[in-house]
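Architecture and fold: a report
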Amino acid sequence: MNWVSEVVRPRIKTLFKRETPENLWIKCPDTGQVVFQKDVEANLWVIPGSDHHLRMNSSQRLKMMFDGGTWLDVALPEAPVDPLRFRDEKRYADRLKDARAKTGLRDAFKVGFGRVEGAPTVIAVQDFEFMGGSLGMAAGEAFLKGAETALDKRTPFVLFAASGGARMQEGIFSLMQMPRTTVAIRRLNEERLPYIVVLTNPTTGGVTASYAMLGDIHLAEPGALICFAGPRVIEQTIREKLPPGFQRSEYLKEHGMVDAVVHRRDLKMTVARLCRQLMRQPLPEAPAAEPAPLEPAA
């Protein structure tokens, strides 16, 4: 036996073994470019060079939008769990449990109350990581709570939409959230409070058919898929090839469905400017002193 190769070398290898983190690098879906994750994170999860906008979770969105990255979480009401006792390959109750463990969220919505460039604002974010951001009873209740908070505080209501549509496991209960959210938007309109929608990738199905397309102003991130039925379904139905970029945010802007396509780095400034104009508030003259703390949301 060669004691140098069989005894000493394995021990040395074990002693100095280094493990590479799995999430150290990110590959751009558009160009295949491999980028250091920390560079992408510092760039608001936009790939440098290609400008491909990666998905952000709800906490990252709120941190990006609110001054100082701080806000007050709006307590969301509880909703019935698995009202139809649905089961396919797996029980719906188990799917919910897995999604909650994975994301740390109760459901697909997170609502925050804070300041955006000094102005109090309520922001609701759909988290695609939670069952594709699908719309169910809990998500409907969260949207209503966000709208009610904006009404109580007399602030604009900003929605970041990202969803695969209505949640099939809740059947008709999920579809009933479409008219309920529409009524909440009507109340905001009657009180002349701005409702601004930011469409992110993807926004589809029943969410697009309801509150995601009922905003006073519709912004969209570059390259976002915005549609009711996806392009593959349409191509299979009409048996024709769709034009390049069909149902992407730039295509929708050209055809009058979206007001502006805004790069992620400019979203906070753009939303703040629109809120000030719609609320008829003066522009800030200079960087103001630290604003007074906000009262907790009801």
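Structure's up top.
Residues numbered from 1 in each chain as written. Predicted model: local features only at pLDDT ≥ 70, side-chain atom pairs only at ≥ 80, totals over all residues. Heavy atoms only, no water.

**Examining the overall build of the protein**
So the rule is basically this: Only DSSP runs of H or I reaching four residues or more are called helices, and only runs of E reaching two or more are called strands; each is numbered from the N terminus. We call a residue buried when its accessible area falls under 20% of the maximum for its residue type, exposed when it is over 50%, and partly exposed in between, using a 1.4 Å probe and counting protein chains only. In this analysis, two residues are considered to be in contact whenever any of their non-hydrogen atoms come within 4.5 Å of each other.
Each helix and strand in the protein was counted, giving 11 helices and 9 strands. For the protein, with 298 residues in total, the buried portion stands at 43%. Residue pairs at least 24 apart in sequence account for 67% of intrachain contacts in the protein once pairs closer than 6 positions are excluded.

**Brief notes about the pattern of salt bridges**
Where we set the bar: By definition, a salt bridge exists where a carboxyl oxygen of Asp or Glu is found within 4 Å of a side-chain nitrogen of Lys or Arg.
In the structure shown here, the tally under the stated rule is 14 salt bridges. Across the salt bridge formed by Arg 95 and Asp 88, the nearest N and O atoms sit 3.1 Å from each other. The partner of Glu 235 in a salt bridge is Lys 241, with the nearest N and O atoms 3.9 Å apart. Take Glu 235: its relative accessible area is 25%, and that puts it in the partly exposed class. Look at Lys 241 and you get exposed, because its relative accessible area is 72%. When salt bridges that share partners are traced, they join Arg 61, Glu 221 and Arg 264 into one network.

**So, helix α11 (residues 267–278)**
Quick note on the threshold: One less than the residue count of a helix, multiplied by 1.5 Å, gives the span that helix is expected to have.
Here α11 is 12 residues long and its end C-alpha atoms lie 16 Å apart, about the 16 Å a rise of 1.5 Å per residue gives. Those residues of α11 lying buried are Leu 267, Thr 270, Val 271, Ala 272, Leu 274, Cys 275 and Arg 276. On its buried side, α11 packs onto α3 (58–65), β4 (109–116), β6 (157–163), β7 (195–203) and β8 (217–220). Two residues or fewer past α11, Arg 280 is found with a positive phi of approximately 55°.

**Comments concerning the sheet that holds strand β5 (residues 119–126)**
Let me state the cut-off plainly: Here, a strand pair is defined by DSSP locating no fewer than two bridges between the strands. Axis lines are fitted to C-alpha atoms, over the contacting stretch for helices. Their N-to-C directions set the angle, which ranges from 0 to 180 degrees.
As summarised here, the arrangement of the 7 strands in space is β3-β4-β5-β6-β7-β8-β9, forming an open sheet in which the pairing is mixed. With one partner strand each, in any of the chains shown, β3 (72–73) and β9 (260–261) form the two edges of the open sheet. Bridge count between β6 and β7: 6 bridges; the pairing is parallel. Each residue of the ladder has a partner; that of Ala 161, found in β7, is Leu 199. Lying on the sheet, α3 is in contact with β4, β5, β6 and β7; it crosses β4 at an angle near 10°.

**Concerning the nonpolar core**
Condition: What is meant by a nonpolar core is a set of buried Ala, Val, Leu, Ile, Met, Phe, Trp, Tyr and Cys residues, joined one to another through side-chain atoms within 4.5 Å.
By size, the foremost hydrophobic cluster in this structure holds 34 residues, and its most contacted members are Phe 143, Phe 157, Leu 159, Tyr 195, Leu 199 and Tyr 211. Looking at this core, the elements with two or more residues in it are β4, β5, α5 (137–153), β6, α7 (177–190) and β7. When residues of this core are assigned to their parent elements, the largest contribution, 7 residues, is made by α5. Beyond its immediate chain neighbours, meaning those up to four positions away, Tyr 211 contacts Phe 109, Gln 126, Leu 135, Phe 143, Leu 159, Thr 181, Ile 185, Tyr 195 and Val 197. Listed in part, the 27 residues of the second largest apolar core include Leu 54, Val 116, Ile 123 and Val 158.

**So, the pairing of β7**
Within β7, 8 of the 9 residues are buried, which leaves the element mostly enclosed by the surrounding structure. The pairing of β7 with β8 spans 4 bridges and is classified as parallel. What sits directly across from Val 198, in β8, is Leu 219.

**With respect to the environment of Glu 235**
Note on placement: Glu 235 falls in helix α9 (residues 231–238). Residues within four places of Glu 235 in sequence aside, it is in contact with Glu 240, Lys 241 and Leu 242.

**Quick notes on the packing of α5 against α7**
Rules: An angle below 35 degrees is treated as roughly parallel, one above 145 as roughly antiparallel, one from 65 to 115 as roughly perpendicular, and anything else as oblique. Polarity classes work like this: nonpolar for Ala, Val, Leu, Ile, Met, Phe, Trp, Tyr, Cys and Pro, charged for Asp, Glu, Lys and Arg, and polar for all others, with Gly in that last group.
Where α5 meets α7, the axes come as close as 10 Å, and the angle between the chain directions of the two elements is 5°. The pairing of α5 with α7 is recorded here as roughly parallel in orientation. Residue-level contacts link Met 137, Gly 140, Glu 141, Phe 143, Leu 144, Ala 147, Glu 148, Ala 150 and Leu 151 of α5 to Gln 177, Arg 180, Thr 181, Ala 184, Ile 185, Arg 187 and Leu 188 of α7. Grouping the constituent residues of the contact of α5 with α7 by class yields 9 nonpolar, 3 polar and 4 charged.

**Some points on α3**
Which entries qualify depends on this criterion: The arc under discussion is defined with respect to the helix axis, by the directions toward the C-beta atoms. Between N or O atoms, a polar contact is any pair within 3.5 Å; within protein, one atom must be a potential hydrogen donor and the other a potential acceptor, and residues adjacent in sequence are included only when both atoms are from side chains.
Those residues of α3 that sit buried are Ser 58, Arg 61, Leu 62, Met 64 and Met 65. In a view along the axis of α3, the buried residues occupy a sector of 160°, so they form one face of it. As for α3, its buried residues are in contact with β4, β5, β6, β7 and α11. One side-chain oxygen of the residue at the start of α3 lies 3.2 Å from the amide nitrogen of Ser 59, identifying that residue as Asn 57.

**Describing the side chain of Ser 249**
Inspection of the secondary structure puts Ser 249 in helix α10 (residues 249–254). Note on Ser 249: relative accessible area 0%, which makes it buried.

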